[in-house]
Amino acid sequence: MDSCPVMEVVKKYSSMFRHVTIEGPESENNLLVKNFCRHVTEILEILSKNTQLISVQFRNFSCCFRHIDSPTRNNICRAIADFLASRHHLKRVEFDGIRFGNQETVEVLKKVTENNKKSLTHLKLQNFLRDKNDDIEQDSNALKKLPMLEDLPSLKTLETDYTFIFEKMVARQSAAIQKVRNCQTLVLSKLILHYCIDYIEINDFRVLSSTDWKVLKKLYPYLQIELILTIDYEARRVFQFLILPNMPISHLKYSNADFNVGTEVAVLFDHLLACKTNEHLVSLKIDWEEATQYLSSTINPFLRACKKLKCFVLYMFNCCGIDVLLESWLKNRPESLEKVDILYLNNGCAIPRWIKINEYVSLLKLEGLNISVNIGSY
């Protein structure tokens, strides 16, 4: 609306705000979206005078950005950058679904790192960068301004997409540290890394090396990585590119976008063992739609190689082999395993040996395993 009641609240009470979330509208009405952008620009200007604000989140601006002209979009991006430039005590900054261009991304990250380096403990950059990264390679000025993770010494949690920008931040830091023998130990302990084939092409990347991750581990000795992969095709190529030795992956979620291609789970397990990922894994979630009766002989050797694995989640289209898997756990369960969730996605057909599966679940519960096997529909 031209007149927005929220604005009166912001004007009157903004000095009391500590945590602010601004969420974009899911509307294709150009006038409504343009008014929203105008109000957001004004709100950010008011909030820039609030010295007590410690947390800010921007969510779901992608739809909004598709329905405004370039000048309006540039204005709101500039307003966000100016607002961040005025902040000096933010502890938490989140961008989720607000896709900046390359130059805008560098500028926003620069404002965050320059002004909140001592206070910022949590940073989220998901769905943060436009799909294509063609121009930044030619923009040497932007690359020179791109901050490194080391520029946020108080940062404990970083959640981000695996993008060209993330790759450059780590690679630049890796190159800089290798030239210096003594480096400061920093507190970053949790890296949540997303990769979705629907949004990011693997061809866009140089891909971080095992050496880059080794340097990162040296700088952040308590670092644990939660890797969330959503893959629709070229599965083997993607996980072999992204999962490397020296990555301390504690949580791995491996999903198919459409359940229409083989996940090559056995190949994935072999690769994880080759990279010694099993030494760090605490939680594993995989999609498995391969029709196989050898579920037990494929899964069990890997689970037993994971000495720290506590949680295992399995999504399946084909229930073949579940009963054999559960029966094998009654005889010799992976020793660290505490919680198991199995979801069988069913199209309404009868499920063979379902009574036996329920019997094994009950027996495993009596032995202390927190286990559930459920049926879902598709």
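Look up a bit, the structure's there.
Computed from a prediction, not measured in an experiment: that's the story for all the values here.

Definitions and cut-offs
- Residues numbered from 1 in each chain as written.
- Predicted model: local features only at pLDDT ≥ 70, side-chain atom pairs only at ≥ 80, totals over all residues.
- Heavy atoms only, no water.
- Phe/Tyr/Trp six-rings, centres within 6.5 Å; stacked < 30°, edge-to-face > 60°.
- Helix = DSSP H or I, 4+ residues; strand = E, 2+ residues; numbered from the N terminus.
- Buried < 20%, exposed > 50% of the residue type's maximum accessible area, 1.4 Å probe, protein only.
- Lys NZ or Arg CZ within 6 Å of the ring centre and 35° of its normal.
- 1 Å grid on protein atoms, 1.4 Å probe; cavity = no way out; pocket = protein on both sides within 12 Å on 5 of 7 lines; lining within 4 Å.
- Points joined across faces, edges and corners; volume = space filled by probe spheres on them.
- Contact = heavy atoms within 4.5 Å.
- Pairing = 2+ DSSP bridges.
- Salt bridge = Lys/Arg side-chain N within 4 Å of Asp/Glu carboxyl O.

Draft legend 1. Geometry of the packing of aromatic side chains. For the structure shown, the criterion picks out 10 aromatic pairs. Consider the rings of phenylalanine 95 and phenylalanine 128, whose centres lie 5.2 Å apart with planes at 50°: the pair is tilted. Of this pair, phenylalanine 95 sits in strand β3 (residues 92–96) while phenylalanine 128 sits in the loop between β4 (122–126) and α6 (140–145), and the two are 33 residues apart along the sequence. The buried category is assigned to phenylalanine 95, whose relative accessible area is 0%. Classification of phenylalanine 128 as buried rests on a relative accessible area of 5%. For the pair phenylalanine 239 and tyrosine 254, a centre-to-centre distance of 6.0 Å together with 70° between the ring planes defines the contact as edge-to-face. Pair noted here: phenylalanine 239 is in helix α9 (residues 235–242) and tyrosine 254 is in strand β8 (residues 249–256), with a separation of 15 residues, a long-range link. For tyrosine 254, a relative accessible area of 0% translates into the label buried. Grouping aromatic residues by their ring pairs yields a cluster made of Phe36, Phe58, Phe61, Phe65, Phe95, Phe100 and Phe128. When the ring centre of phenylalanine 241 is taken as origin, the NZ or CZ atom of arginine 237, which lies over that ring, is 5.1 Å away. It is lysine 285 that lies over the ring of tyrosine 315; its NZ or CZ is 4.4 Å from the centre.

Draft legend 2. Broad picture of the layout of surface pockets. Its boundaries defined by the atoms lining it, the largest pocket holds a volume of some 280 Å³. Lining the largest pocket are 15 residues, and of these Cys4, Val6, Phe36, His39 and Ile43 lie nearest its centre. Top contributing element to the lining of the largest pocket by residue count: helix α2 (residues 30–47), with 7 residues.

Draft legend 3. Spotlight on the environment of histidine 67. Turning to its location among the elements, histidine 67 is positioned in the loop between α3 (62–66) and α4 (70–85). Ignoring any residue separated from it by four or fewer positions in sequence, one finds histidine 67 in contact with Ser27, Glu28, Asn30 and Val33.

Draft legend 4. How the structure looks around the pairing of strand β11 (residues 339–346). As paired strands, strand β10 (residues 311–316) and β11 are joined by 6 bridges and run parallel to one another. Each residue of the ladder has a partner; that of tyrosine 315, found in β11, is leucine 343.

Draft legend 5. Broad picture of the pattern of salt bridges. Here the structure, examined in full by the defined rule, presents 10 salt bridges. Of the charged contacts, one joins glutamate 42 and lysine 11 as a salt bridge, the two residues approaching to 3.7 Å between their closest N and O atoms. Of this pair, glutamate 42 sits in helix α2 while lysine 11 sits in helix α1 (residues 5–13), and the two are 31 residues apart along the sequence. Between aspartate 69 and lysine 34 there is a salt bridge, with its nearest N and O atoms 3.8 Å apart. Of the two residues, aspartate 69 sits in the loop between α3 and α4 while lysine 34 sits in helix α2, which places them 35 residues apart along the sequence. Owing to a relative accessible area of 36%, aspartate 69 belongs among the partly exposed residues under this scheme.

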